[in-house]
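# A structural walkthrough
Each chain is listed here by its residues.
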Amino acid sequence: TTYNNMAAVLNAQGNYDRAMELYEKCLAIQLDTLGPGHPSVATTCRNMASVRRAQGQYDQAMALHEKCLAIRLDTLDPGHPDVATTYNNMA
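Below is a summary of the structure that appears in this document.

Each value, and the rule that gives it
- Residues numbered from 1 in each chain as written.
- Predicted model: local features only at pLDDT ≥ 70, side-chain atom pairs only at ≥ 80, totals over all residues.
- Heavy atoms only, no water.
- Buried < 20%, exposed > 50% of the residue type's maximum accessible area, 1.4 Å probe, protein only.
- Helix = DSSP H or I, 4+ residues; strand = E, 2+ residues; numbered from the N terminus.
- Arc of directions from axis to C-beta.
- Contact = heavy atoms within 4.5 Å.
- Salt bridge = Lys/Arg side-chain N within 4 Å of Asp/Glu carboxyl O.

Taken together, the buried positions of helix 1 (residues 2-12) are Asn-4, Ala-7, Leu-10 and Asn-11. One side of helix 1 holds all its buried residues, which, seen down the axis, span an arc of 125 degrees. Along helix 1, the residues that are exposed and aim more than 90 degrees away from the buried face are Thr-2 and Ala-12. Against the buried residues of helix 1 lie helix 2 (16-33) and helix 3 (39-54).

See below:
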């Protein structure tokens, strides 16, 4: 959570490379402790996608949104608001 919060600040400041470094650290910890299908992993992927989108790296952003969507669909009802938000972020 701390890495995620710090990365969000860096993203807002436009320090995208450093934000991605912290999101990657956060993701590694989450994957190790929570597993690849955990909702927190989906949230971190979404956050990483927002950085890639801000950098104009749309293919990488979409790949991260797709990973987020896959986790959300595996863990939530298809009509859940988080699933809808993920589709919206992909549009």
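Moving on: the pattern of salt bridges. Between side chains of opposite charge, a pair can form when the charged atoms approach closely. Summed over all chains, the structure comprises 1 salt bridge. Taking the shortest distance from any N to any O, the salt bridge between Arg-18 and Glu-21 comes out at 2.9 Å. Placement of the pair is Arg-18 and Glu-21 together in helix 2, with a separation of 3 residues, close to one helical turn. Accessibility expressed as a relative area gives 32% for Arg-18, which makes it partly exposed. Since its relative accessible area comes to 40%, Glu-21 is described here as partly exposed.

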